[in-house]
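A structural walkthrough
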Amino acid sequence: MEHQSEREVLVDRLLTRGTVDVVVRERLRARLLGDRPLRVKLGVDPTRPDIHLGHYVCFRKLREFQALGHHVVVIIGDWTARIGDPSGRSTQRPMLTAQEVAANAQTYLDQFFKVVDVNRAEIVWQSTWFGKFNLEDVIRLTSKYTVAKLLTREDFAKRYEEGSPISITELLYPLLQAYDSVAIQADVEIGGTDQLFNLLVGRDIMREYGLEPQDVLTVPLLVGTDGYLKMSKSYGNYIGVSEPPEEMFGKIMSVPDHVLGDYLRLLTDLPDEQIAQWLDEMAAGTLNPRDVKERLALIIVSDLHSPQAAERAREYFHRVHRLREVPEELPEVPVPPRARVIDFIVRAGFARSNNEARRLIMQGGVRLDGERLDDPEAVMELFGPAILQVGKRRFARLLPSAQDS
RNA sequence: GGGGGGAUGCCCGAGUGGCCAAAGGGGCCUGGCUGUAAACUAGGUGCGCAAGCUGCGGGGGUUCGAAUCCCUCUCCCCCCA
């Protein structure tokens, strides 16, 4: 094998590490190595502006394109978001007002540009072209694709087979997304593996409109913190890119051991050999997965916040979760100097009702200044600030004040 | 247009007149253990100090007593045409 240039190494890495499908591989490789900056499309759904590490996988891939001098084009799906999406089984995507869409899009972009270089990116609003579409344009678009082809998409096929409803609107969505590629003359479109079909429709439609078909690249769907389902807000197994450093760090530390390989490969730039070595050592029992998680957490929090924030988060985690110490900073809660313990707990927001507070005490989960409490009906008198602890990791500093009663 | 099924606690889902504050699972919380907020394990999980109150889509009714029966409204789904 010939010696590869540095650029070739980067390109090959882009096409393999954290990448599932590439269509058409050799063509894309050649174009990535070429002089012309490629227009790399990412479609964004402003219905749900909550970005988690699953999206981050995709953003990182875009960053790789940028590092090679290519150009990212973000399409805000504002037009489709306002129509709504009667998607399959789960909750329907609601119709949003223009204001909601704009606000969501802004939130999305704020998070997006934490990762992707804003100077090599362009933001485009889908309504720029669909806002002008008339019925004739729609008919023309729909004439360029067939129902049979649409029904080859896995979820459509399945639902059609079982007799579940598929609205025509839904069938239209892949075409609309495909037309976006026509509108911006995309060279490449990227998305999660679940998007493969839609991305390929883009190729067909572009050809129909007399354009060079885009190449397509998919990234894996990141498994969530439950270690089983794909990461998603609706499954509650996500780590948001905007979460505070401590929370993010803690969530990464609590991820099941068996997802570490994926997380390291998809969320860090660590060399493959390094990752393989760690996995071997963990399997052999010579390396504690906890320590790997800590390194992983440091890397991710550093990237999404800052190295300083990551270090602080690490220290916090150590104190609270490993050494079981009280954190340095904790929320302060004004309380009456004399009250039932359960009132303190509820005041601090650690229980939603008195009964819940009682249960916590009876289960042995409540400490006041380090002393475990056992009487749910106890009345305490505080002569100065006291530290209330509920469970292993919830703390508050109680500040007694006479006027607050 | 016709016929049928369904709506239960944060979620899924049992229950078809009293033993139902409502099985089971998930989630979440707490204890234990530990290698971490992993895994495992035990328990808890409407409100109220209590008597008790609220509660099974909304409203009304039958009954000593209703998640369970009747009427009505709203919404969802399926089949036939």
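Residues numbered from 1 in each chain as written. Chains lettered and ligands numbered in written order. Predicted model: local features only at pLDDT ≥ 70, side-chain atom pairs only at ≥ 80, totals over all residues. Heavy atoms only, no water.

Side chains that differ in charge, positive against negative, can pair when their charged atoms come close. Within this structure, the stated rule accounts for 29 salt bridges. Among the salt bridges present, the one from Arg31 reaches Asp187, with a minimum N-O distance of 3.4 Å. One end of the pair, Arg31, is in helix α2 (residues 25–33); the other, Asp187, is in the loop between α10 (168–184) and β5 (188–192), with 156 residues separating them in the sequence. For Arg31, a relative accessible area of 17% translates into the label buried. When salt bridges that share partners are traced, they join Arg27, Arg31, Arg36, Asp187, Arg203, Glu212 and Asp215 into one network. (Salt bridge = Lys/Arg side-chain N within 4 Å of Asp/Glu carboxyl O. Helix = DSSP H or I, 4+ residues; strand = E, 2+ residues; numbered from the N terminus. Buried < 20%, exposed > 50% of the residue type's maximum accessible area, 1.4 Å probe, protein only.)

So, on to the protein's contact with RNA strand B. Close to RNA strand B lie 32 residues, the nearest being Met253, Ser254, Arg290, Ser353 and Arg358. Atoms of RNA strand B within 4 Å of the protein: sugar and phosphate make up 72%, bases the balance. Ser353 places a polar side-chain atom, nitrogen or oxygen, 2.4 Å from a phosphate oxygen of RNA strand B. Note that a phosphate oxygen of RNA strand B is positioned 3.0 Å from one of the side-chain N or O atoms of Arg393. With 5 residues, the single largest contributor to the surface near RNA strand B is helix α18 (residues 354–362). Residues that form the surface near RNA strand B fall into these classes: 8 nonpolar, 12 polar and 12 charged. (Near = heavy atom within 4 Å. Polar contact = N/O pair within 3.5 Å; in protein donor to acceptor, adjacent residues only side chain to side chain. Nonpolar A, V, L, I, M, F, W, Y, C, P; charged D, E, K, R; others polar.)

The biggest cluster of nonpolar side chains holds 63 residues, and the ones touching the most others in it are Leu53 and Phe112. At 7 residues, helix α3 (residues 53–67) tops the list of elements feeding residues into this core. Counting contributing residues, this core receives three or more from each of domain 1 (6–219) and domain 2 (243–322). With residues near it in sequence (within four places) discarded, Phe112 still touches Leu42, Phe59, Leu62, Val72 and Val74. Of all hydrophobic cores here, the second largest spans 23 residues; its members include Val341, Phe344, Ile345 and Ala396. (Core = buried A, V, L, I, M, F, W, Y, C linked by side-chain atoms within 4.5 Å. Domains from an automatic or database assignment. Contact = heavy atoms within 4.5 Å.)

Turning our attention to unusual backbone geometry. Following Val23, the chain continues into Val24 via a peptide bond in cis, with omega recorded as 0°. Its location among the elements puts Val24 in the loop between β1 (22–23) and α2. The backbone phi angle of Gln185 is positive, close to 55°, even though this residue is not glycine. In this fold, Gln185 is placed in the loop between α10 and β5. Residue Gln185 is classed as partly exposed on the basis of its relative accessible area, which comes to 47%. The backbone of Asp369 shows a phi angle near 50°, a positive value even though the residue is not glycine.

A few words on the domain arrangement of chain A. For chain A, the assigned domains are domain 1 (6–219), domain 2 (243–322) and domain 3 (332–400). When each unit is reduced to the centre of its C-alpha atoms, the spacing between domain 1 and domain 2 is 31 Å. On the domain 2 side, the residues contacting the 10 residues of domain 1 number 14 residues. Contact with domain 2 buries area across many residues of domain 1, yet Arg17, Leu53 and Arg60 alone supply 49% of it, more than any other trio. Summed over the shared surface of domain 1 and domain 2, the number is 3 salt bridges. (Buried area = accessible area lost by both parts, 1.4 Å probe.)

With that settled, consider the packing of helix α15 (residues 289–304) against helix α16 (residues 307–322). Geometrically, a packed helix pair is captured by the angle between its two axes and the distance between the axes. For the pair α15 and α16, interaxial distance at closest approach is 7 Å and the crossing angle is 145°. When the axes of α15 and α16 are compared, the crossing they make is right-handed. Contacts between α15 and α16 involve Arg290, Asp291, Glu294, Leu298, Val301 and Ser302 from the first element and Pro307, Ala309, Ala310, Glu311, Arg314, His318 and Arg322 from the second. Looking at side-chain class alone, the contact of α15 with α16 contains 5 nonpolar, 2 polar and 6 charged residues. (Axes fitted to C-alpha atoms, helices over the stretch in contact; angles between N-to-C directions. Left-handed = near helix turned anticlockwise from the far one by under 90°.)

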